[in-house]
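# An overview of the molecular structure
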Number of protein chains: 2
Amino acid sequence: MTGESTATTGTTTWATTAPAAGHLGREELDVLQTWWRAANYLSVGQIYLMDNPLLREPLKPEHIKPRLLGHWGTTPGLNFVYAHLNRAIRHRDLDMMYVIGPGHGGPGLVAGAWLEGTYSEIYPDVARDYEGLQRLFTQFSFPGGVPSHVAPETPGSIHEGGELGYSLSHAFGAAFDNPELIVPCVVGDGEAETGPLATSWHSNKFLDPATDGAVLPILHLNGYKIASPTIPARIPEEELVSLMRGYGYEPHLVAGSEPEAMHQLFAATLDRCLDEISTIQHRARRDGSVQRPRWPMIVLRTPKGWTAPSEVDGKRVEGSWRAHQVPITDPRQNPEHLRILESWMRSYGPAELFEESGAPVPRIGENNPAGPRRMSDNPHANGGHLLRALRMPDFRNYAVRVQQPGTDKAEATKVLGEFLRDVMQRNADERNFRVFSPDENNSNRLGALLEVTARAWDAETEPGDDGLAPGGRVMEILSEHTCQGWLEGYLLTGRHGFFSSYEAFAHIVDSMVNQHAKWLKVSTGLQWRQPISSLNYLLTSHVWRQDHNGFSHQDPGFIDHVVNKKAEVVRVYLPPDANTLLSVADHCLRSRDYINVVVAGKQPAPQYLDMEAAVVHNTKGIGIWDWASNDQDGEPDVVLGCAGDVPTMETLAAVDRLRGFFPDLRMRVVNVVDLMRLQDAGEHPHGLTDVEFDSLFTRDRPVIFAYHGYPWLIHRLTYRRNNHRNIHVRGYKEEGTTTTPFDMCVLNEIDRFNLAIDVIDRVPQLGARAAYAREALTDKLVEHRHHVTTYGEDLPEVRNWTWSPQ
Amino acid sequence: MTGESTATTGTTTWATTAPAAGHLGREELDVLQTWWRAANYLSVGQIYLMDNPLLREPLKPEHIKPRLLGHWGTTPGLNFVYAHLNRAIRHRDLDMMYVIGPGHGGPGLVAGAWLEGTYSEIYPDVARDYEGLQRLFTQFSFPGGVPSHVAPETPGSIHEGGELGYSLSHAFGAAFDNPELIVPCVVGDGEAETGPLATSWHSNKFLDPATDGAVLPILHLNGYKIASPTIPARIPEEELVSLMRGYGYEPHLVAGSEPEAMHQLFAATLDRCLDEISTIQHRARRDGSVQRPRWPMIVLRTPKGWTAPSEVDGKRVEGSWRAHQVPITDPRQNPEHLRILESWMRSYGPAELFEESGAPVPRIGENNPAGPRRMSDNPHANGGHLLRALRMPDFRNYAVRVQQPGTDKAEATKVLGEFLRDVMQRNADERNFRVFSPDENNSNRLGALLEVTARAWDAETEPGDDGLAPGGRVMEILSEHTCQGWLEGYLLTGRHGFFSSYEAFAHIVDSMVNQHAKWLKVSTGLQWRQPISSLNYLLTSHVWRQDHNGFSHQDPGFIDHVVNKKAEVVRVYLPPDANTLLSVADHCLRSRDYINVVVAGKQPAPQYLDMEAAVVHNTKGIGIWDWASNDQDGEPDVVLGCAGDVPTMETLAAVDRLRGFFPDLRMRVVNVVDLMRLQDAGEHPHGLTDVEFDSLFTRDRPVIFAYHGYPWLIHRLTYRRNNHRNIHVRGYKEEGTTTTPFDMCVLNEIDRFNLAIDVIDRVPQLGARAAYAREALTDKLVEHRHHVTTYGEDLPEVRNWTWSPQ
C-alpha cells in the first residue's frame, strides 16, 4: 500500500546527498524493512485493536476499540528513523538518545521500546508474548492505560509530545557536556513553524564540539499540520536549503516513498552524517580546531501516514492531512472500512513478524542494539540514574555581615553570584552545572560567575568581547524559550542548572513550565524514573525595580501561574535579603523534582538577618521578627505581614513611623519566605496547620499584609484561615511606569505611609491621635509626589531610610 | 565623534546592494544629516538634561537629571532610518508607518515626532519652543513624565518597546488589507534571537501583494544585546544572507559608520527596495501575477551607540555594549565626564539646529512630510480613527432550537462558525475582518468560514489542497505568537479579528496578552488615542475534552492569567451552550478596548436555553435557572453554582440524581456566563453588589460550585462575599490524561456523582436517606471506573444523559 514514487534526491542544490545505490546489502535491507514493518504494525494495532492482536481470525467489529484516539500521520516516519538509528548504533556502537518533536506519534515510540524488550522489562505486564501484545494494544489511549503521546511513561524519552516547539532545545540540552552522546532529533514540519523551534536551530552557536555531544536534526516533512500544509514543505527546495545553511547546518535530503530505495538512501545519508559528526569531533578534540563547524542535518520528506491505504471512499489518505489522526474512523460501524483496515494491517505481514508465542521473530531482534545501547534504555533518558549531587561550598561563608537589622545594605543577587561562582568552580571537573539566562547574567548581578567560566559562544568574536568561549557554562541567548528548553534537557539527562530571568518575562515560558510541571507530576509517580534535579528560577529585576524600563517590565504574575500546578511539584520563595537568599539557593540546588521559584532583588537594599537567623527563619519558612515587634507580652493589636524584599522594607518603615505616633501600639511583624506556608496543610505539603497559622496571624486581629505580587494571591492562599476576614493585602495592581522605586510603591499603595494609614484605619483603639497621624502621613504622600515630580528622585528620608532599633 | 571606518558593502554575496556614490545631491545630504543630528541631539538631551536644553551656558551638574534612565545604544540607528524614511515619503508621497522592534530607543521616536510637529499638536505643553524643549527633556523617564520606551504615549506607534519579539508580526498585521501602506520595521539583532521573531519572518507566505500592503524589514545589527554579542552580527555575512534568502527575502546590506557615505548608501538602498516593492505590487495588481514574490529587506550594520564618544576612561563606548543604556553614567558627580558629555552634545551643533525661540531651523522642516504623511501622525498608527464597526448579521438567526432544556444536542463552536462565516461575508468588501488560529480553524469546528473565504497562503500548493489562496482571511500558522502578533497589529490599525486556540496553548501567548493589556490600559487613558476593536479569544478544545491528547493539553489557567490584568480591560465568558455562545460572540465583536476571553466546547453537548432565554441570561451574565430549580417557594436548602459547559451539564445531572433521592430538597441552580459578575462591584465594573450576590447565593446556605477551571479562582473572586465560607468549589486539579470525557470529570471529582455527594455532605437536614444515597452514588463511581477501564467508553447512562423535566 505504499506510494508509487521512487526515492529521489533534490536537484541542483542537494550536492551533499550521499550516493545510495547498494549501500545496504540484501540481508541488512531485510532486517531494516522487517523491523519497520513490525513497528508500523504495532502502531496501527495500538490505535485500533482491543482484541485479536495478531489477526489470527478475521477482524470483527468487537476487536476494534469503541473510541479511536491517536495520531497515525507522523508515526511511520518516526519508526523508519528509529529502525535506521538502531542499525547505526549496532554498526558503530553509538551512545544515542532519540528526541521526537512530533510526540503525538506515541504509538511508534512505544512499539520501538516493546520490540527492543525495554518496555516489557519496565512493565512486566506488557510482556513480549501474545498476552502482552494484547495489553500493549488495549492500553494505548485507553482509560487507565497510557496516553496517546510520547510521555514520561514512554521509555527512552525526555520529551513530552504535547506542546510543540521544544524538541531541538531539549536535544541540545541533553548533548551539552555529554561528549559521547549523539542526539538525533526529529523536528516535525508543523513544529518547525513555531517560534521557539525557529530560533532553537541557532543552538549550534553554543555547542562545543570538543566537550559537548552532537545533535543530528532530522526535519521531517510530511507536508501537513492538522489540516493545512506546512511552510517548510511548501517552499522551493532551494529556499529550504538556504534556510538551513543560514542556520549554520549542512542539509542532506532524503525524499520519496518507495521503501527499498528509501532505506538505501536514508542509510547512506545517515552514515554520511555520522561520519561528518565524527570528523568534526576529531578535528576539535584531537586537532584542537576552534572553528565553528557546519554540523550536518537531514531533511526527510515522506508521505504523511506513509504505508496507510492510499484512498478511502475515493478520498486520498496516505500523503494527505486525512492521515493526521485516525485514517479510518469507523471500522466498528462500517464493514467496508473494517475490511480496508484489515487489509492494511495484513499488508505488514503479521504472521512473518511474530512467532506463535506473540514474540517478535529473531530477524527483528537482529536490529536491536544491546542493553543500554537501546535508545529506549539509554540511561541519559532516565537522567536521575546518572545524577550526582553537586559539590556545594558552605553557603554560610558568603554571608553578609548584619550587625543591626535594617542598617547595612547589600545587593542580594550579587552575593548569590559569588556563591554560584564557587558552585561552578567546585563542579568544574564534573561538568554538570550550567546557568541560563536571556542575556541578563550580568544585568542580574551574577557577574562573578564569569570569573571562573565564560559565556558559551561558538560564533565569531571581536576585540573587546568579554568572557566568551565555546566551553563556557553561562548560557545566554535572547530567547527565554531556548534557555528553558536547554535547561530542561540538561536536567532531564541528570545534571544541574539555574535560570535567572527578569521577573516579568518569565511569562514567556509559562506554557513550557506547565509542561515540565506535568512531566514531573507524572514521572514522580513512576518508580522506574529516578528523581532529577529541580528546575530553579531566580526572578530578579523585579516589578518594584524596573527603573530603566517601566510598565512593560512590571509583572509579578509568574508566581500565580506556577501555583496552579500540583502542590507536590511547586515551591515559591521570597527571601527578604542576601543571607536568606543564600540559604534558599543552597536548598534549591540540593532539591529534587521540584520547580523552585525564587524572587529576589538585585539593587542595594537593607539587610535584616545574620546568617544564623537567616537559616532559622528559612527553616521555618515564615516567622515573627521579634526585633521588629513589640507584642512580646501578649497578643498584638495588629499584625504586619510581609513577603518580598521591597514589601518587607516598606513594612518595617511603616512600623518605624507608627512607633513614633503610637508608642503603645502592639505590632507584630511576620515575614514570609516560603509562600506555600500560607496555604492549608491539606493543600500543600509546606502548608501550616490552622493552629500554627493562628499563632502567627491571630484569630481576630487586623492583619496588614504587604505582598510582592498581585494581592489576590494571598487571599487565594489564606481564604480558609480563621482570621481571613481581617487580612488586608497590598500588592502590585498594575500602576506605575518609568519612575523612582519608592514612587512605584506609592502608586500601588504598598509604601510605608499607606501601610501605616492602613493600620490606623483598622485598629479601633488608637484614640484621638489617630486623626492627627493619618493627616501627617497623608501630608507625607503629598510631599513625596511633589518632590519626585519636581526633582526626579525620592525624598532623602526615604532614600536614606534604615531601621531604627528600639 | 563617529567611528573611522567608511561605508562598506559586503563582499561576494552582496550583489544586490545598490550603487551609492552620488545618489544624493549636496543639498539633500545636508537636509538628511541636519535632521539626523537634531534627532540625535534631542535623544541625548532627553536622557541627560533637566535644564539648559540648548547648551546656551556651559553644562553644570545641576542641569543633569539625578537619575539617568534610558537606552542610547539603538537610538541613533533608529533616528538615521527615520530621517531616510522621511525623505522617501516626501519623494514618493508614501503612506508609511514605522514599527520599531528595539523600542527602548524611545527617545529617538519622541525626538522624531517633536521635530515633525506632531508631538506638540498632541501635547501642547511640549511645544516646539524653548520651554517645550525644556519640558521634552525633563519629562523623559521622569516621575510623572513619559516612559523610557516607545509606548502608547508615543505618537505614530502601535508597538510597545518592552518585551522583544513581536515587531515583525505587528508590522505584517498592520499591512494586511492596507494595500497602499508600507511598513518599515526595524528588527534589533537582539530581538532577532527570540523565537517569536525568528518564525515571524515567514509572514511573507501569508501576505498578498495584490490586496495587502508591504513590510520592509530592516535588520539592524549593532552587535550587542545588553552585554553579549548577538548571533546575527556574529555569523559570516554569507550565512546571514543565506538565512534571509531561506526566509524568502532578498537582502540588501548597508554597513559602516561614516555618516556621509552611509547616507548615500542607505538612500540608494532604500530607493532600490521601494522600487522593488513597487514592481512586485504592480506585477500582482496589474499583471495578475500569483507567484510569491521575493520581498526586499535591508541589513543595516552600524556601531552600537553610533556618534557617542568613542572612549570614556580609556574604555570603548561607541561600538560596544557599554553604549547600551546610558554611556556616561555620572556626569553630575564627575567633572571630567560632564565635560565629555558636553562636548558630545555640542558635536551635534545645537546652535545650528535650533532657532533662538527653541524651534527647529527650517532646514530640518525640509525633511518633514506633511500632515498625516508624517509617520508620527499616520492615521493607521492610531487605528481607532479609521475603525468602522462591522456589519453584523443578526445572531438570533443562527439559533439552535431548544424545545426542552438539556435534551437536544449541538456543537457550540460549529454553530458559531456559521455566524462568523456570515460576519466574514458581510464585510468582504470592507476587508476589515480576519480570523486567526494555529492551524485549528477546522479542528475547532469553525470550518464554515471556508465556505466564503480561504486560508491565506502564498506558498506552493499541490493537488488535494483545500481552500488556500493568497487573499484568504483565515490566518493559520502553527505559531500562536505569530497569530497573536498579526491580530494585535490588525486591531491596532483599526480592524477586527477573532483568535481561536486550543485552551491549554493560549498560555503560549501569556506574555503577549500582558503587553496588549498594558497597552490598552494606558491608551484608554489618552484622549487622543481612539478606541480599537477588542481582542477576542475563543478557547476551545478545552481541558475537559482532550480526547485525543491528554494531560499535556489540559490547562484552563489562561483565565487566571488574564484576570490579573486591570479590571477595566478584561472580560471572561463561559457560555454553557450554543445560543449563549452566539450572543456572547456578537457582544464581543461589537465591543472596544477589551480583552474578551470566551471558553466554549466543540463537541456535541446538551443545549439549555432558547435564544430569547440566552439573550436574557447573557444580559444578566449570571442567573438562577428556574427550570432546573425547585426553590420557587422560598430559600433553597442548597445552591448549585456552575460555570462552563461541562460543569453545567454535570451540575444538572447531579440535580437529576438528587431529585430521585430527595424530592423535597430545595435546590437552586445558578449559572454563570460572565465570570466577572462574581467579583465585588468595587473591584470590577461587571461585579455584583453584595445584595445581588446574596440574592443568588444566599447568606448562609451551602453552595456547591462546579467551575470549568482551577477551583481557586472562584475563591479569589468571591472571598469577600458574605456567604464565602459556605462555598465549596470543584474544578480542574491536574488529574487525568488520555481518557473518556466523563472519566476526566470523575478523576477531578467534578462529575455528577461527586457533586451529588458534595451536596449530601453539606446539607444537614437530609435525614436517614442520606447514607443510602451516598452509598448508591459511591457505587456508581465504582461501576463507572470498572466500565470505563474495561470497555474504553463511558457508562451508557452517562453517554445518553439528557435532562428530565420535572
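Residues numbered from 1 in each chain as written. Chains lettered and ligands numbered in written order. Predicted model: local features only at pLDDT ≥ 70, side-chain atom pairs only at ≥ 80, totals over all residues.

Moving on, we get to helix α19 (residues 645-661) of chain B. When the terminal C-alpha atoms of α19(B) are compared, their 25 Å separation across 17 residues agrees well with the 24 Å that a helix rising 1.5 Å per residue should span. With 13 of its 17 residues buried, α19(B) lies for the most part within the structure. (Helix = DSSP H or I, 4+ residues; strand = E, 2+ residues; numbered from the N terminus. Expected span 1.5 Å × (residues − 1). Buried ≥ 20, exposed ≤ 12 C-beta atoms within 10 Å, placed from the backbone.)

Turning our attention to the pairing of strand β4 (residues 214-221) of chain A. All names here are of chain A. Burial runs high along β4: eight of the eight residues are buried. Burial along β4 is two-sided: the residues Ala214, Leu216, Ile218 and His220 and Val215, Pro217, Leu219 and Leu221 are all buried. Here seven bridges tie strand β3 (residues 181-188) to β4, and the two strands are oriented parallel to one another. In the strand pairing of β4, cysteine 185 is matched with proline 217. Of the crossover connections in this fold, the one passing from β3 over helix α7 (residues 195-200) to the parallel β4 is right-handed. (Pairing = 2+ DSSP bridges. Right-handed = clockwise from strand over helix to strand, strands pointing away.)

At an RMSD of 0.0 Å, chain A and chain B line up after a rotation of 180 degrees and a shift of 0.0 Å along the axis. Taken together, the rotation angle and the small translation identify this as a two-fold axis. Relative to the rotation axis, the C-alpha of Gly195(A) is the closest in chain A, positioned 2.0 Å from it. Both copies present the same face, since 100% of the interface residues in chain A are matched by interface residues at the equivalent positions in chain B. (Least-squares fit on C-alpha atoms with pLDDT ≥ 70 in both. Contact = placed C-beta atoms within 7 Å.)

Attention shifts here to the domain arrangement of chain A. All names here are of chain A. Partitioning chain A into structural domains gives domain 1 (26-370), domain 2 (395-506 + 533-605) and domain 3 (621-799). Across the boundary between the two partners, domain 2 contributes 30 residues, which contact 28 residues of domain 3. Counting only elements with at least two residues in the side of domain 2 that touches domain 3, the list comes to α16 (558-563), β16 (570-573) and α17 (578-590). Per-element tally for the side of domain 2 that touches domain 3: the top contributor is β16, with three residues. Partitioning the side of domain 2 that touches domain 3 into residue classes produces 17 nonpolar, seven polar and six charged. (Domains from an automatic or database assignment. Nonpolar A, V, L, I, M, F, W, Y, C, P; charged D, E, K, R; others polar.)

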